[in-house]
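# Architecture at a glance
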Amino acid sequence: MQRIETALPGVYVIEPKVFGDARGYFYESYHRAKFAELGIPDEFVQDNCSRSARGVLRGLHYQLRFPQAKLCRVVEGEVFDVAVDIRKGSPTFGQWAGVVLSAENRHQIYVPAGFAHGFAVLSESAEFLYKCSDFYHPEDEQGVLWNDPDIGIPWPVEAPVLSGKDQKYLPLNQTDPERLPVYHQK
């Protein structure tokens, strides 16, 4: 297993070691001790799975009072996955990192707590799995507008299919600062 740095400190791509032969393949998608060695000590308490059609864009989501680190992967299809630093006081506030996750490349992305997260489906459909370090609390769900021009994510989908709530989120510079996580220097 290998950790690959992204443009945002703390956001990592994880490349598993894959063992393959004529029968197929095997890899560890998660091993707590090995992830801790890679600098990812989170204890994950909830696994989620979504299936979406081509052009669906989900995000940019976060929880404020119950922040969630996420470990994301795709087991069918392909997505463009994005993490945005929305922590007040962070030196990388408003910056983003993106990566293509697919069943073929088997890469994962680790998104720390305090970052907004979203993805867009590039294939006919995609099955997206992710681990969370805290439970989902619907009353704590927050978001940032997916196409915020100041963040400037070049989403590789035209006319994305969005949920009603994802269409209504505000740009980061219009979000109440009290509704943003705070950066804590390590």
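Coordinates for the structure precede this section.
Heads up: these notes are all about the structure in this document. Please read these numbers as outputs of a predicted model, since none were measured by experiment.

### So, empty space enclosed by the protein
In the structure shown here, the tally under the stated rule is 1 cavity of 30 Å³ or more. Empty space within the largest cavity amounts to approximately 80 Å³. As for the largest cavity, its lining consists of H61, Y62, Q63, P67, Q68, K70, V111, A113, G114, F115, H117 and P181. Among the elements of the structure, strand 6 (57-63) and strand 11 (115-121) are those that each provide at least two residues to the lining of the largest cavity. The element that contributes the greatest number of residues to the lining of the largest cavity is strand 6, accounting for 3 residues.

### Quick notes on the pattern of salt bridges
Within this structure, the stated rule accounts for 11 salt bridges. Across the salt bridge formed by D47 and K131, the nearest N and O atoms sit 3.1 Å from each other. Here K131 lies in strand 12 (residues 125-132) and D47 lies in strand 5 (residues 46-53), a separation of 84 residues in the sequence. Given the relative accessible area of 54%, D47 is considered exposed. Here D85 ties to R87 by a salt bridge, and the two come within 2.8 Å at their closest N and O atoms. The pair D85 / R87 is uniform in exposure class, with both members buried.

### Focus: the pairing of strand 11
Among the 7 residues in strand 11, 7 count as buried, and that is most of the element. Going residue by residue along strand 11, you find F115, H117, F119 and V121 tucked away on one face and A116, G118 and A120 tucked away on the opposite face as well. Looking at chain direction, strand 6 and strand 11 are connected through 3 bridges and run antiparallel. The partner of R58 across the bridge, within strand 11, is F119. In the sheet, strand 8 (residues 78-85) pairs with strand 11 via 7 bridges, with the strands oriented antiparallel. Looking at the pairing, V79 lines up with V121 of strand 11.

### Re the nonpolar core
The biggest cluster of nonpolar side chains holds 20 residues, and the ones touching the most others in it are L60, V84, I86, I153 and W155. Those residues within four positions of V84 in sequence are excluded, and the remaining contacts are L60, G94, Q95, W96, F115, A116, I151 and I153.

### As for the sheet that holds strand 7 (residues 70-76)
The 6 strands are arranged 1-2-10-7-12-5 in an open sheet whose pairing can be described as antiparallel. In this open sheet, the two strands that pair with only one neighbour each are strand 1 (2-5) and strand 5. Between one strand axis and the next, the sheet turns through 25 degrees on average, direction left out of account.

About the thresholds
- Residues numbered from 1 in each chain as written.
- Predicted model: local features only at pLDDT ≥ 70, side-chain atom pairs only at ≥ 80, totals over all residues.
- Heavy atoms only, no water.
- 1 Å grid on protein atoms, 1.4 Å probe; cavity = no way out; pocket = protein on both sides within 12 Å on 5 of 7 lines; lining within 4 Å.
- Points joined across faces, edges and corners; volume = space filled by probe spheres on them.
- Helix = DSSP H or I, 4+ residues; strand = E, 2+ residues; numbered from the N terminus.
- Salt bridge = Lys/Arg side-chain N within 4 Å of Asp/Glu carboxyl O.
- Buried < 20%, exposed > 50% of the residue type's maximum accessible area, 1.4 Å probe, protein only.
- Pairing = 2+ DSSP bridges.
- Core = buried A, V, L, I, M, F, W, Y, C linked by side-chain atoms within 4.5 Å.
- Contact = heavy atoms within 4.5 Å.
- Axes fitted to C-alpha atoms, helices over the stretch in contact; angles between N-to-C directions.

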